[in-house]
Amino acid sequence: MDDIKVNQNPKLGSLDRPNSYIGRSLPRENAKKHLDGGGQFVDDLTLPRMVHVAFLRSPFAHAEIKSINTNDAKKSDGVVDVFTAKEIDEVCKPWVGTLGHLGEMRSPEQTPLAKKIARWQGEPVAVVIADSRAQAEDALELIEVDWAEKEAQVDMETALDSNAVVIHPELDNNLFWTRTVNQGDVEKAFKEADAVVETTLDFARHTGVTLESRGIVADWNKAENKMTIYHNGQAPHMMQHIIAKHLDLNEGLVRIVSRDVGGSFGIKVHVYPDEMAVSAISKKIGRPVKFIATSNECANAP
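This section reports on the structure supplied with the text. For every chain, the first residue of its written sequence is number 1, and the numbers climb from 1 along that sequence. Note on the predicted model: pLDDT of at least 70 is required for a residue's local features to be given, and 80 or more for side-chain atom pairs to be given and counted; whole-chain, interface and lining totals, by contrast, use all residues. To obtain the side-chain values, all non-hydrogen atoms of the structure were included, while hydrogens and water were left out.

## Some details on the pattern of salt bridges
Then, number 1: Criterion for a salt bridge: a side-chain nitrogen of Lys or Arg within 4 Å of a carboxyl oxygen of Asp or Glu. With the rule as written, the count across this model stands at 14 salt bridges.
Then, number 2: When the shortest N-O distance is used, the salt bridge between aspartate 43 and lysine 290 registers 3.3 Å. With aspartate 43 in the loop between helix H1 (31–35) and strand S1 (51–57) and lysine 290 in strand S12 (residues 289–292), this pair connects stretches of sequence that are 247 residues apart.
Then, number 3: Here aspartate 43 falls in the partly exposed class, since its relative accessible area comes to 48%.
Then, number 4: Note on lysine 290: relative accessible area 5%, which makes it buried.
Then, number 5: Measuring nitrogen to oxygen at the nearest pair gives 2.5 Å for the salt bridge that ties glutamate 90 to lysine 284. Taken together, the residues glutamate 90 in the loop between helix H3 (85–89) and strand S4 (95–96) and lysine 284 in helix H7 (residues 273–285) connect sequence positions 194 residues apart.
Then, number 6: Classification of glutamate 90 by relative accessible area gives partly exposed; the value is 48%.
Then, number 7: Residue burial is assigned from relative accessible area. The probe radius is 1.4 Å, only protein chains are included, and a residue is buried under 20% of its type maximum, exposed over 50%, and partly exposed in between. Overall, lysine 284 belongs to the partly exposed group, its relative accessible area being 31%.
Then, number 8: Members of the salt-bridge network, linked through shared partners, are Arg57, Arg133, Glu137, Arg214, Asp274, Glu275 and Glu297. Only DSSP runs of H or I reaching four residues or more are called helices, and only runs of E reaching two or more are called strands; each is numbered from the N terminus.

Okay, structure coming up:
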């Protein structure tokens, strides 16, 4: 096969050449920078007086949080403080997640940390702020939670049954989204078909797994009422609006810095409770706060 010259016009980048990316190996404009070690990712950032956080997460898919004892964790080496939902909610208002293209979507109110009920395995319920990530993780083991495990609803086929476990009682049932598409004469099509085949296709849970996990550094400047967020998300303008709205900030004084992003695959376009918690913590303690999610934390996110 003859070689294909994909960059005949040096003024055009790979995204400017119509359909030139299909079936071809293309030059990457930023490849040399990364090969030379010149990439700038969230975890590369170190700010003066910066602290690190680690989250205590629910081991249950559905459980009541009867009590949380953080006294011993607060005394652990390097620990600055330990927060539960009460402290975070003082500076961060709840939000409701929606998707514009799913107009009929029903969503409950969300907060950075679970309050009385944990509704998915991995949901954050407490956070340790420490001088290092290792010290924060060590202190997590000293937090005592009195759990009361509840029955979980894990079968989609029975989620709307009258005896199903309702995960969010304020919504009355487990219906998340519904849409009816009615085009053409369906009954006639079935009646005149030579054959009608019915089958059920089951798909296992899946998620995007990126080389760079989710990461955020929040830096609150109290003197100027300005929040600077270093974030590896896909929608910086969306996050600017959401953080400003729910932390009661002037949107013009919230700056989102997005440098290099080590993969996304759609998982970095959502509002994550732990990332909202990091922003709230920075505002509350007046120091830069870093959170780099582990691969396990990314895989277990909702």
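## Quick word on the packing of aromatic side chains
Then, number 1: Within 6.5 Å between ring centres, the rings of Phe, Tyr and Trp (the latter by its six-membered ring) count as paired, and their orientation is classed by plane angle as stacked under 30 degrees, edge-to-face over 60, tilted in between. Counted under the stated rule, the structure contains two aromatic pairs.
Then, number 2: Both rings, one in phenylalanine 55 and one in phenylalanine 291, keep their centres 5.1 Å apart while their planes meet at 85°; by these two values the pair is edge-to-face. On the criterion of sequence distance, the pair formed by phenylalanine 55 in strand S1 and phenylalanine 291 in strand S12 is long-range, its members being 236 residues apart. The pair phenylalanine 55 / phenylalanine 291 is uniform in exposure class, with both members buried.
Then, number 3: Judged by centre distance (5.6 Å) and plane angle (70°), the ring pair of phenylalanine 60 and tryptophan 147 falls under edge-to-face. In this pair, phenylalanine 60 is assigned in the loop between S1 and strand S2 (63–69) and tryptophan 147 in strand S8 (residues 144–149), connecting sequence segments 87 residues apart.
Then, number 4: The lysine or arginine in question, arginine 214, covers the ring of tyrosine 272, its NZ or CZ lying 3.9 Å from the ring centre. Look at NZ for Lys and CZ for Arg. If either is within 6 Å of the ring centre and within 35 degrees of the ring normal, a charge sits over the ring.

## Quick word on the nonpolar core
Then, number 1: What makes a nonpolar core is a set of buried Ala, Val, Leu, Ile, Met, Phe, Trp, Tyr and Cys residues whose side-chain atoms join them at distances within 4.5 Å. Ranked by size, the top nonpolar core spans 35 residues in total, and within it Val53, Phe55, Met227, Ile243, Met276, Val278 and Ile281 carry the most contacts.
Then, number 2: In terms of residue count, the dominant contributor to this core is H7 (five residues).
Then, number 3: Formed by 15 residues, the second largest nonpolar core is a distinct cluster that contains Ala54, Leu56, Val79 and Ile143.

## Regarding the sheet that holds strand S10 (residues 226–231)
Then, number 1: Here, any two strands with at least 2 DSSP bridges between them count as paired. Read from one edge to the other, the open sheet built from seven strands follows the order S3-S7-S1-S12-S9-S10-S11, with strand pairing classed as mixed. Edge positions in the sheet fall to strand S3 (79–83) and strand S11 (254–257), since each has one partner strand and no second. Strand after strand, the sheet turns through a mean of 20° between neighbouring axes, direction not considered.
Then, number 2: By definition, residues are in contact when any of their heavy atoms lie within 4.5 Å. To get an axis, a line is fitted to the C-alpha atoms, and for a helix only the part in contact is used. The angle between two axes follows their N-to-C directions and goes from 0 to 180 degrees. Contacting S10 and S11, helix H6 (residues 236–246) runs over the sheet at an angle of about 145° to S11.

## Considerations on the environment of glutamate 275
Then, number 1: Following the sequence through the fold, glutamate 275 ends up in helix H7.
Then, number 2: Distance in space between the C-alpha atoms of glutamate 275 and phenylalanine 291 is 7.7 Å, their sequence separation being 16 residues.
Then, number 3: When sequence neighbours within four positions are dropped, the list of residues in contact with glutamate 275 reads Arg214, Ile216 and His231.
Then, number 4: Looking at glutamate 275, its side chain comes within polar contact range of the side chain of histidine 231, at 2.8 Å. As used in this structure description, the phrase polar contact means that two N or O atoms lie within 3.5 Å; if the pair is within protein, one of them must be able to donate a hydrogen and the other to accept it, and residues adjacent in sequence are counted only when both atoms belong to side chains.

## A look at helix H4 (residues 133–140)
The α-helix winds at 3.6 residues per turn, so residues separated by three or four positions along the chain end up facing the same way.
Then, number 1: Burial in H4 covers these residues: Ala136, Ala139 and Leu140. All buried residues of H4 lie within an arc of 110° about the axis, which places them on one face of the element.
Then, number 2: Here the buried face of H4 lies against S1, helix H2 (71–74), S3 and strand S7 (124–130). It is the directions from the helix axis to the C-beta atoms that the arc portrays.

## Thoughts on the sheet that holds S2
Then, number 1: One open sheet holds the three strands; their spatial order is S6-S2-S8, and the pairing between them is antiparallel. Only two strands of the sheet have a single partner each, and these edge strands are strand S6 (117–118) and S8.
Then, number 2: Inspection of the sheet shows S2 paired to S6 by two bridges, in the antiparallel sense. The partner of glutamate 64 across the bridge, within S6, is isoleucine 117.

Any link to function would need more than the numbers given here.
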